[in-house]
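Architecture at a glance
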Amino acid sequence: MISRYFFSSLVIIGTFLSASIAYAQPVTFERQIITSSAARRIVDICAATAAAEFPVPVAIAVVDPFGALIEFHSMQGAGETNGTTAVLKAKTAARWRRSSAAVNQMVTSGANEAPVWIGDFPQPGGVAIMIDGMVVGAVGIGGLPRVPHLHGEPCVIAAIEAVFGPGTTTPPMVLEPQ
């Protein structure tokens, strides 16, 4: 009978000790997230670059790491599809922590089709913004014609690096010509 009480007491003490250890851990963490002013600067730079290099209207979207829209610009004459795809490409890049072209490569190769199942948009044109290995936001561009190999990502990467500095994007995914 004593051993039964002793064992029960040990279980109770162990439960309290393990609970106190769990509560000693931090309950929050700090995370960097792109600011609205940085997002606006990226959109302005990307829009100017796209206007100079391509004779078509585009839409540019910037999202936070969770896919919430922070900044958006649609050039005059850009259709609804351009804007919708820009947002979807940015959200896809943020979720997958890589360019949407890299996600496209995963899907088309058959390596991972989950982006399609969960409703992402694995088409080239979205780039994640990385600082210290963490996604702080992502940018998507919609409406560019099929520019050989990169589909508008150089425009987005140049804008991100102009604001955040070199090495703050996921490596561009170079697509092989078909």
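Structure first, text after, so check above.
Residues numbered from 1 in each chain as written. Predicted model: local features only at pLDDT ≥ 70, side-chain atom pairs only at ≥ 80, totals over all residues. Heavy atoms only, no water.

1. A look at the environment of Arg31
The test is simple: Elements are defined by DSSP. Helices are runs of H or I of four residues or more, strands are runs of E of two residues or more, and each kind is numbered from the N terminus. Contacts are assigned to residue pairs that have any heavy atoms within 4.5 Å of one another. In protein, a polar contact requires one atom able to donate a hydrogen and another able to accept it; more generally it is a pair of N or O atoms within 3.5 Å, and residues adjacent in sequence count only if both atoms are side-chain atoms.
One can find Arg31 in the loop between helix 1 (2–23) and helix 2 (36–53). A sequence separation of 104 residues divides Arg31 from Val135, and the C-alpha atoms of the two residues are 9.3 Å apart. Once you skip the residues sitting within four places of it in the chain, Arg31 turns out to touch Pro65, Phe66, Met134 and Val135. At 3.1 Å, the side chain of Arg31 forms a polar contact with the backbone oxygen of Val135.

2. Thoughts on the nonpolar core
Looking at soluble globular proteins, one finds that nonpolar side chains tend to be buried together. The criterion, for reference: Buried Ala, Val, Leu, Ile, Met, Phe, Trp, Tyr and Cys residues that are joined via side-chain atoms within 4.5 Å together make up what is termed a nonpolar core. The buried label goes to any residue with under 20% of its type's maximum accessible area, the exposed label to any with over 50%, and the partly exposed label to all in between, with areas taken from a 1.4 Å probe on protein chains only.
In this structure, Ile42, Ile60, Val139 and Ile141 are the most contacted members of the largest nonpolar core, which totals 25 residues. Of the residues forming this core, the biggest block, 7 residues, is contributed by helix 2. In contact with Val139, not counting residues within four places along its chain, are Ile42, Ile60, Ala61, Val62, Ala90, Gly125, Gly126, Val127, Ile129, Val156 and Ile160.

3. Let's talk about helix 4 (residues 100–109)
For helix 4, a buried count of 7 out of 10 residues is recorded, marking the element as mostly surrounded by other parts of the structure. Listed as buried for helix 4 are Ser100, Ala101, Ala102, Val103, Asn104, Met106 and Val107. Tucked inside the fold, the buried residues of helix 4 contact helix 3 (80–96), helix 5 (114–117), strand 3 (126–131) and helix 6 (153–164). Gly110 lies just past helix 4 and shows a positive phi near 85°.

4. A closer look at the pairing of strand 4 (residues 134–142)
Going by this rule: A pair of strands counts as paired when DSSP detects no fewer than two bridges linking them.
Burial runs high along strand 4: 8 of the 9 residues are buried. Bridge analysis of strand 1 (residues 59–63) against strand 4 gives 5 bridges, and the strand direction is antiparallel. Note that in strand 4 the partner of Ala61 across the bridge is Gly140. Judged from the 6 bridges that link them, strand 3 and strand 4 form a sheet pairing that is antiparallel.

5. Let's talk about unusual backbone geometry
A positive phi angle is found at Arg97, which is not glycine, with a value near 60°. Along the chain, Arg97 falls in the loop between helix 3 and helix 4. Arg97 sits in the partly exposed class, given a relative accessible area of 41%. Phi at Asp132 is positive, roughly 50°, even though this residue is not glycine. The residue Asp132 is located in the loop between strand 3 and strand 4 in this model. Judged by its relative accessible area of 75%, Asp132 falls in the exposed class.

6. Some remarks on the environment of Glu80
Secondary-structure assignment places Glu80 in helix 3. The exposure class assigned to Glu80 is exposed, which follows from its relative accessible area of 68%.

7. Some thoughts on the sheet that holds strand 4
Applied cut-off: Interaxial angle, 0 to 180 degrees, is taken between N-to-C directions of lines fitted to C-alpha atoms, where a helix line uses only the stretch in contact.
Here 4 strands make up an open sheet; going across it, the order is 2-1-4-3 and the pairing antiparallel. Each end of this open sheet is capped by a strand with a single partner; those strands are strand 2 (69–74) and strand 3. The average angle at which neighbouring strand axes cross in this sheet is 15°, direction not considered. Of the strands in this sheet, strand 1, strand 2, strand 3 and strand 4 touch helix 3, which is tilted by about 155° from strand 4.

8. Quick word on the side chain of Asn82
Its location among the elements puts Asn82 in helix 3. For Asn82, the side chain forms a polar contact with the main-chain oxygen of Pro57, separated by 3.2 Å. With residues near it in sequence (within four places) discarded, Asn82 still touches Pro57, Val58, Ala59, Gly142 and Gly143.

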